[in-house]
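Report on the structure
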Amino acid sequence: MKFFVLVALFAFAAADSYKAAEYKAPMYDSPKYEAPKYESPKYETPKYETPKYEAPKYETPKYEAPKYEAPKYVAPKYEAPKYEAPKYETPKYEAPKYVAPKYEAPKYETPKYEAPKYEEVTYAAQPYSFGYEVQDKESYTDFEHTEKSDYNVVTGSYRVVLPDSRVQIVTYKADANGYTADVKYEGEAKYPEYVESQYKSSSSYAAPAYKAPEYKKPAYTAPAYTAPAYQAPAYQAPAYQAPAAYPNY
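Quick caveat: nothing in here was measured; it's all calculated off a predicted structure. Along each chain, residues carry numbers from 1 onward, in the same order as the chain's sequence is written. The predicted origin of the model limits local features to residues at a pLDDT of at least 70 and limits the giving and counting of side-chain atom pairs to 80 or more, whereas totals for whole chains, interfaces and linings rest on all residues. Water and hydrogen atoms play no part in the side-chain values, which are based on all heavy atoms of the structure.

**Quick notes on unusual backbone geometry**
Our working rule: Secondary structure follows DSSP: runs of H or I at least 4 residues long count as helices, runs of E at least 2 residues long count as strands, and numbering of each begins at the N terminus. Partly exposed residues are those whose accessible area sits between 20% and 50% of the maximum for their type, while under 20% is buried and over 50% is exposed, using a 1.4 Å probe and protein chains only.
Despite not being glycine, Tyr151 has its phi angle at roughly 90°, a positive value. Position of Tyr151 relative to the elements: it lies in the loop between strand 2 (141-149) and strand 3 (154-161). For Tyr151, a relative accessible area of 48% corresponds to the partly exposed category. Although it is not a glycine, Ser165 adopts a positive phi angle of roughly 75°. A relative accessible area of 35% places Ser165 in the partly exposed class.

**Considerations on the pairing of strand 3**
The side chains of a regular strand alternate between both faces of the sheet. Heads up, the rule is: Only when DSSP finds a minimum of two bridges between them are two strands counted as paired.
Here strand 2 runs beside strand 3; their pairing, made up of 7 bridges, is antiparallel. Looking across to strand 3, one finds that Phe143 is bridged to Val160. The turn linking strand 2 back onto strand 3 is made up of 4 residues, and Tyr151 within it adopts a positive phi angle of 90°. Examined bridge by bridge, strand 3 and strand 4 (residues 167-175) share 8 bridges and lie antiparallel to one another. Counted as the bridge partner of Val161 is Val167 from strand 4.

**As for the sheet that holds strand 2**
Inclusion rule: To obtain each axis, a line is fitted to C-alpha atoms, and for helices this fit is confined to the stretch in contact; angles are then taken between N-to-C directions over 0 to 180 degrees.
Taken in spatial order, the 5 strands line up as 1-2-3-4-5 in an open sheet, and their pairing is antiparallel. The open sheet has two edge strands with one neighbour each: strand 1 (128-136) and strand 5 (178-186). When strand polarity is set aside, the average angle formed by the axes of neighbouring strands in this sheet is 10°.

**Digging into a nonpolar patch on the surface**
Filter applied, for reference: Residues qualify for a patch when their relative accessible area is over 30% and they have no salt bridge, like charges being joined within 9 Å and the nonpolar side chains of Val, Leu, Ile, Met, Phe, Trp and Tyr within 5 Å. In these tables, accessible area is a Shrake-Rupley quantity obtained with a 1.4 Å probe, and a residue counts as shielded only by the protein chains included in the view. Salt bridges are defined as contacts in which a side-chain nitrogen from Lys or Arg sits within 4 Å of a carboxyl oxygen from Asp or Glu.
A contiguous nonpolar surface patch, about 340 Å² in accessible area, is contributed by Tyr128, Phe130, Tyr132 and Val134. Position of Phe130 relative to the elements: it lies in strand 1. A relative accessible area of 37% means that Phe130 is categorised as partly exposed.

**Points about the packing of aromatic side chains**
The line we're drawing: Any pair of Phe, Tyr and Trp rings, taking the six-membered ring for Trp, is counted once the centres come within 6.5 Å. Such a pair is stacked with planes under 30 degrees apart, edge-to-face with planes over 60 apart, and tilted for the rest. Ring-over charges, as used throughout, are those where CZ of Arg or NZ of Lys falls within 6 Å of the ring centre and within 35 degrees of the ring normal.
What the rule picks out here adds up to 5 aromatic pairs. Here the aromatic rings of Tyr158 and Tyr172 are separated by 6.4 Å at their centres, their planes lie at 45°, and the arrangement is tilted. Pair noted here: Tyr158 is in strand 3 and Tyr172 is in strand 4, with a separation of 14 residues, a long-range link. Residue class for Tyr158 comes out partly exposed when judged on its relative accessible area of 31%. A relative accessible area of 8% means that Tyr172 is categorised as buried. The ring of Tyr185 carries the charged tip of Arg166 above its face, separated from the ring centre by 4.7 Å.

**Focus: the confidence of the model for the protein chain**
Defined as follows: pLDDT is a residue-level measure of predictor confidence that goes from 0 to 100.
The share of residues in the protein chain with pLDDT of 70 or more is 87%, and the mean pLDDT across the chain is 80. In the model of the protein chain, helix 1 (residues 2-17) stands out as the element of lowest mean pLDDT, 66, in contrast to strand 4, which has the highest, 94.

**Thoughts on the pattern of salt bridges**
One pass over the full model with this rule turns up 3 salt bridges. Salt-bridge contacts for Arg159 lead to Asp142; the nearest nitrogen and oxygen are separated by 3.5 Å. Here Asp142 lies in strand 2 and Arg159 lies in strand 3, a separation of 17 residues in the sequence. Residue classification places Arg159 among the buried positions, given a relative accessible area of 17%. Asp164 is paired through a salt bridge with Arg166; the nearest N and O atoms lie 2.8 Å apart. You can call Arg166 partly exposed: its relative accessible area is 25%. Salt bridges sharing common partners tie together Asp142, Glu144 and Arg159.

**Here's the deal with the pairing of strand 1**
Where strand 1 and strand 2 come together, 9 bridges link them in antiparallel fashion. When the sheet's bridge partners are listed, Phe130 is paired in strand 2 with Glu147.

Shown next, in the form of structure tokens:
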């Protein structure tokens, strides 16, 4: 190792000075060898000692008989139950309050009437003819009516007895130019004498009397209450059995 270090130093110095290094052969000392000294081992025979044996000591065990203590019996303490009589509260009865019914007159609403809507149906003109006559002596009804059409011109006439006993005769014609009528009267008008009517209207009107309904107050019978009969519970003292005799050892 030292050799390499020296070589490195010399190489560094030589590189610095640009001088050739001088080499010296190393000095070598021949090693001195000493033969080892050998000593023969000393052997000592082992000493044997006879072991000492001690016989074990045996101690007889001591036995103690168990001590038995008879159990102490404690008689149970009995406390008689305390009985409290139940408290009874008389129920409070409140008579029902009667409220007289209120009568409200029914409200009448006039029904709303809607006139039916009539849609006139138009038909094509057709030729026709008809006629009728009515005579009723009891109701003083006497009239007749005839009419015919050829699709373009309508002609006809009707006759009726008027209240004044005259007969009215109407002859009419309807065409594209319009409606024309010819009115004639037969007979003389007669007016009967005025006779006062014997009907007299009742001017005094008595409104209906409304009688309120009579309400009978309901008869209330208070319920009869029977107090419950209390029976004290029957107490039986517990039967105690003494424990079996404990064996002696």
